[in-house]
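Letter by letter, the chains look like this.
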Amino acid sequence: MKKLLSMLAVAAFSMASIGAFAGSHGGAMSDKEKAELTEKCAKMDPAKADDKMKADCKKLKEMKK
């Protein structure tokens, strides 16, 4: 029984580690995408922009800091 519990604990830990690794590497922007987004943000009119664009520009500004 102890061996089963140990195996389950190891399996849970490994799945959590793999999930964290995949999550940290899955959504990174390339330099080309960053440049395009920076250009779009510079041209953006805050009154006409949608919420997604505003959020993307805010995230980009925070990444630069």
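First, a word on what this report is: a plain description of the structure on this page. All values derive from a computational prediction rather than experimental measurement.

**Focus on the nonpolar core**
Here is a general trend for soluble globular proteins: nonpolar side chains tend to be buried in one another's company. Among the nonpolar cores identified, the biggest contains 6 residues, and these are Leu37, Cys41, Ala49, Met53, Cys57 and Leu60. Going through the elements one at a time, α2 (31-43) and α3 (51-64) are the ones with two or more residues in this core. Leave out the neighbours within four places in its chain, and Met53 touches Leu37, Lys40, Cys41 and Met44.

**Let's talk about the state of the cysteines**
Under the counting rule described, the total for this entry stands at 1 disulfide. Between the sulfur atoms of Cys41 and its disulfide partner Cys57 the distance amounts to 1.9 Å. Looking down the S-S bond of the Cys41 and Cys57 bridge, the torsion is -100°, so its handedness is left-handed. One end of the pair, Cys41, is in helix α2; the other, Cys57, is in helix α3, and 16 residues separate them in sequence.

**Topic: the environment of Lys34**
Relative to the elements of secondary structure, Lys34 occurs in helix α2. For Lys34, a relative accessible area of 29% translates into the label partly exposed. Considering only alpha carbons, one finds Lys34 and Leu60, 26 residues apart in sequence, at a separation of 7.8 Å.

**Side note on the pattern of salt bridges**
Taken as a whole and assessed by the stated rule, the structure comprises 2 salt bridges. With a shortest N-O distance of 3.4 Å, Lys43 and Glu39 are connected by a salt bridge. Of the two residues, Lys43 and Glu39 both sit in helix α2, 4 residues apart, roughly one turn of that helix. Residue classification places Glu39 among the partly exposed residues on the basis of a relative accessible area of 46%. Ionic pairing is found between Asp56 and Lys52, a salt bridge with its closest N-O pair at 3.1 Å.

Definitions and limits used
- Residues numbered from 1 in each chain as written.
- Predicted model: local features only at pLDDT ≥ 70, side-chain atom pairs only at ≥ 80, totals over all residues.
- Heavy atoms only, no water.
- Core = buried A, V, L, I, M, F, W, Y, C linked by side-chain atoms within 4.5 Å.
- Buried < 20%, exposed > 50% of the residue type's maximum accessible area, 1.4 Å probe, protein only.
- Helix = DSSP H or I, 4+ residues; strand = E, 2+ residues; numbered from the N terminus.
- Contact = heavy atoms within 4.5 Å.
- Disulfide = S-S within 2.5 Å.
- Salt bridge = Lys/Arg side-chain N within 4 Å of Asp/Glu carboxyl O.

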